[in-house]
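# Working through the structure, step by step
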Amino acid sequence: MKPSALSKTFLPALLSALWLGCASAPARPVSPPVLTLQEASVPTQGLTDATVHYAGQVVSSVPGVLEKADWELVSEGQVVKTGTAALNVPLTPNQPAAFSFEERAPYVRGPEDLKALSEKGGTMLLALRGTLTVRSGQDVETLPFAASRSVRGPRLPEVVVQSLDAARYSATEVNLTFQVGVKNPNPFPLRVDQLNYTLLVAGKSLGEGTLAKADTVAASATGVYPLEASVSPATWGTDVNKLISKGVIAYTLQGELTGPLLKVPYLLEGNVRLNVSK
């Protein structure tokens, strides 16, 4: 059977119409990448700085690369550091891609900020925020991100006299033995650069110096540093016997505790009763 003239003309026209219909159909819109999960954590914290870890997931409808994160580290609403973290995470269409980065930075700008946080007490808020850059071929998209974490605010250390003994060896000589403590009230170690002192007995200087240098006080602990001084005619004066005969000596211990962005002046005063040395 020979095809009719109608079928000879109808079939090509039908195929042509179908092809034109497909060619003219609108392309499906490409959905932009989406940040589907994000969180912040603080793995380590010091008196003046902390490490903030950021983790998230991005989903893209087309193949691409999560290139970088331009970030700001924020402490109590103030930007303390900025930077860029290279990520280079490949993106498979419609599959969550996990990524993370972390930054360590001071969360205070100086001793005054640290003092203010210590006096405020309670907790403080640390955050990482910024934009993520996603590239797909020639197309570039940016996604905003922000996540925060509350941590305990730093507390200033305290210098104290842990113990004091005054041994009287004679009518003209007394030996003072101090145990000077540095109390660290924080749940993390305290770095000490120097602990300087000046000692006065009954208003007269008995010397000055450094009790500690480049040391660390453990978390929630007290570092103890010994100090010995002799009260005698050579160190205090020829009328030291009059001072010693009273049985009580007034002392003043003052100085400064320093560390990274840390300055804590101290003034400790008191009276110590003399013991008879055996």
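Nothing here was measured: the structure is a model prediction, and the numbers come from that model. Once a new chain begins, its residue numbering starts again from 1 and follows that chain's sequence as written. pLDDT decides what is reported in this predicted model: residues at 70 or higher carry local features, side-chain atom pairs at 80 or more are listed and counted, and totals for whole chains, interfaces and linings draw on all residues regardless. For side-chain calculations, the full set of non-hydrogen atoms in the structure is used, while hydrogens and water are omitted.

### Quick notes on the packing of aromatic side chains
Between rings of Phe, Tyr and Trp, where Trp is taken as its six-membered ring, a pair exists when centres lie within 6.5 Å; planes separated by under 30 degrees are stacked, by over 60 edge-to-face, and by other angles tilted. A full pass over the atoms with the stated rule returns five aromatic pairs. Where Tyr-54 meets Phe-145, the ring centres are 4.8 Å apart and the plane angle is 50 degrees; that geometry is what we call tilted. You can see Tyr-54 sitting in strand β2 (residues 49-59) and its partner Phe-145 sitting in strand β7 (residues 139-152), a full 91 residues away along the chain. Per the convention used, a helix needs a DSSP run of H or I reaching at least four residues, while a strand needs a run of E reaching at least two, with both numbered from the N terminus.

### Re the nonpolar core
Of all hydrophobic cores here, the largest spans 38 residues; its most connected members are Leu-195, Val-231 and Leu-253. For this core, the elements supplying multiple residues, two or more each, are β8 (158-170), β9 (173-183), β10 (190-201), β11 (204-217), β12 (222-231), α3 (240-245), β13 (248-259) and β14 (262-273). Broken down by element, the residue count for this core peaks at six residues, all from β10. In these notes, a set of buried Ala, Val, Leu, Ile, Met, Phe, Trp, Tyr and Cys residues joined through side-chain atoms within 4.5 Å is what counts as a nonpolar core. With a 1.4 Å probe rolled over the protein chains alone, any residue whose accessible area is under 20% of its type maximum counts as buried; one over 50% counts as exposed, and the rest are partly exposed. Counting 29 residues, the second-largest nonpolar core is a separate cluster that includes Tyr-54, Trp-71, Leu-73 and Phe-101.

### What to know about the pattern of salt bridges
A pair is scored as a salt bridge if a Lys or Arg side-chain nitrogen falls within 4 Å of a carboxyl oxygen belonging to Asp or Glu. A full pass over the atoms with the stated rule returns six salt bridges. For Arg-135, the salt bridge goes to Glu-67, with nearest N and O atoms at 2.9 Å. A residue pair is termed long-range when its members are at least 10 positions apart, and Arg-135 in strand β6 (residues 123-136) and Glu-67 in strand β3 (residues 64-75) qualify at 68 residues. A relative accessible area of 34% means that Arg-135 is categorised as partly exposed. On the basis of relative accessibility, which here comes to 23%, the residue Glu-67 falls in the partly exposed class.

### Comments concerning the sheet that holds strand β15 (residues 275-276)
Strand order in the open sheet made by the four strands is β12-β9-β8-β15, with mixed pairing throughout. The sheet terminates laterally at β12 and β15, the two strands that pair on one side only. The pairing criterion is simple: DSSP has to find at least two bridges between the two strands.

### Overview of the pairing of β7
By the bridge criterion, 14 bridges tie β6 to β7 in an arrangement that is antiparallel. Each residue of the ladder has a partner; that of Thr-133, found in β7, is Thr-142. Between β6 and β7, which pair antiparallel and follow one another directly, the connecting turn spans two residues, one of which, Gly-137, has a positive phi of 65 degrees.

### Notes on the environment of Val-159
Tracing the backbone shows Val-159 in strand β8. Taking relative accessible area as the criterion, Val-159 reaches 5% and is therefore assigned buried. Note: C-alpha distance between Val-159 and Val-182 (23 residues apart in sequence) is 4.6 Å. What makes two residues a contact is simply this: any of their non-hydrogen atoms within 4.5 Å. Setting aside residues up to four positions removed in sequence, Val-159 forms contacts with Val-180, Gly-181, Val-182, Leu-195, Leu-257, Tyr-266 and Leu-268.

### With respect to the side chain of Ser-75
Take Ser-75: it is sitting in strand β3. Ser-75 sits in the buried class, given a relative accessible area of 5%. Throughout this description, a polar contact denotes any pair of N or O atoms lying within 3.5 Å of each other; where both atoms belong to protein, one of them has to be capable of donating a hydrogen while the other can accept it, and for residues adjacent in sequence the pair is counted only when both atoms sit in side chains. A polar contact of 3.1 Å, which involves the side chain of Ser-75, links it to the backbone oxygen of Tyr-107. Sequence-distant contacts of Ser-75, that is, excluding residues within four places in its chain, are made with Val-80, Tyr-107, Met-124, Leu-125 and Leu-126.

### Considering the environment of Ala-98
Within the fold, Ala-98 resides in strand β5 (residues 97-106). Assessed through its relative accessible area of 57%, Ala-98 is described here as exposed. Between the alpha carbons of Ala-98 and Leu-66 there is a distance of 10.0 Å; along the sequence they are 32 residues apart. Look past the residues within four positions of Ala-98 in its chain and what remains in contact with it is Gly-56, Gln-57 and Val-89.

### Quick notes on helix α2 (residues 111-120)
All of the buried residues along α2 are Leu-114, Leu-117 and Ser-118. Here the buried residues of α2 occupy an arc of 100 degrees about the axis, which is enough to place them on one side. Exposed residues on α2 whose side chains face more than 90 degrees from its buried face are Glu-112 and Glu-119. Check the buried side of α2 and you find it contacts β6 and β14. Trailing α2 by a residue or two, Gly-121 shows a phi angle of about 70 degrees, which is positive. The arc in question is traced by the directions running from the helix axis to the C-beta atoms.

So far we have only geometry, and geometry alone does not tell us how the molecule works.
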